[in-house]
Amino acid sequence: LQLINPGFVRTPLTDLNPFPMPFMIELDDAVDRIVAGLASDSFEIAFPRRFVLILKLMRLLPYWLYFPLVRRATGK
């Protein structure tokens with residue numbers, strides 16, 4: 001059993017997004033990472049690493065701080 005958590009991958013759909021998408025990677029790079037992850041014993045396949053680290057660290061924050069930061073980052 002494995003879980004895939006990709007960050008932003010450049011596709012025709014993400015090209016339509018009006019908001020910033022940090023650490024965006026190309027589709028071929030995402031495919032390579034997923035294939036390598038599926039061949040491993042890792043439970044979670046998450047990339048890009050810098051983006052994953054930032055998100056996981058943010059989840060340690062209390063909600064009263066987390067949600068305003070997310071709103072500011074996404075413009076919502």
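Whatever comes next refers back to the structure up there.
Residues numbered from 1 in each chain as written. Predicted model: local features only at pLDDT ≥ 70, side-chain atom pairs only at ≥ 80, totals over all residues. Heavy atoms only, no water.

Chemist: Teacher, can you tell me more about the packing of aromatic side chains here?
Modeler: The geometry of an aromatic ring pair comes down to the distance between the two centres and the angle between the two planes. The tally for this structure, following the rule as stated, stands at five aromatic pairs. Residues Phe-23 and Phe-51 carry aromatic rings whose centres are separated by 6.0 Å and whose planes lie at 45° to one another, so their mutual orientation is tilted. Note that Phe-23 is positioned in the loop between strand S1 (3-6) and helix H1 (27-38) and Phe-51 in helix H2 (residues 49-58), a separation of 28 residues in sequence. Overall, the relative accessible area of 29% leaves Phe-23 in the partly exposed class. With relative accessibility at 12%, the residue Phe-51 sits in the buried group. Summarising the aromatic geometry, the rings of Tyr-66 and Phe-67 are spaced 5.1 Å apart at their centres and angled 75° between planes, so their arrangement reads as edge-to-face. A relative accessible area of 15% means that Tyr-66 is categorised as buried. (Phe/Tyr/Trp six-rings, centres within 6.5 Å; stacked < 30°, edge-to-face > 60°. Helix = DSSP H or I, 4+ residues; strand = E, 2+ residues; numbered from the N terminus. Buried < 20%, exposed > 50% of the residue type's maximum accessible area, 1.4 Å probe, protein only.)

Chemist: Looking at this model, I keep getting lost on unusual backbone geometry. Mind explaining?
Modeler: Peptide bonds are trans in most cases, and residues, glycine excluded, mostly fall at negative phi. For the bond running from Phe-47 to Pro-48, omega is -10°, close enough to zero to count as cis. Inspection of the secondary structure assignment puts Pro-48 in the loop between strand S2 (44-47) and H2. With a phi close to 60°, Phe-23 is a non-glycine residue in the positive phi region.

Chemist: Mind showing me how you'd approach the pairing of S1 here?
Modeler: Here S1 runs beside S2; their pairing, made up of four bridges, is parallel. Bridging from a neighbouring strand, Leu-3 pairs with Glu-44 of S2. (Pairing = 2+ DSSP bridges.)

Chemist: Would you take a moment to explain the pairing of S2 for this structure?
Modeler: On a regular strand, one side chain projects to one face of the sheet and the next to the other, so that they alternate. Along S2, the buried face is formed by Ile-45 and Phe-47; none of Glu-44 and Ala-46, which line the opposite face, is buried. This β-α-β element, S1 to H1 to S2, shows left-handed connectivity. (Right-handed = clockwise from strand over helix to strand, strands pointing away.)

Chemist: Help me understand helix H3 (residues 63-74), please; the structure alone is not making it clear to me.
Modeler: Helical periodicity: at 3.6 residues per turn, an α-helix aligns residues three or four positions apart in one direction. Helix length check: H3, at 12 residues, gives a terminal C-alpha distance of 16 Å against a target of 16 Å (1.5 Å per residue), a fit within 8%. Downstream of H3 by a residue or two, Gly-75 has a phi angle that is positive, lying close to 75°. (Expected span 1.5 Å × (residues − 1).)

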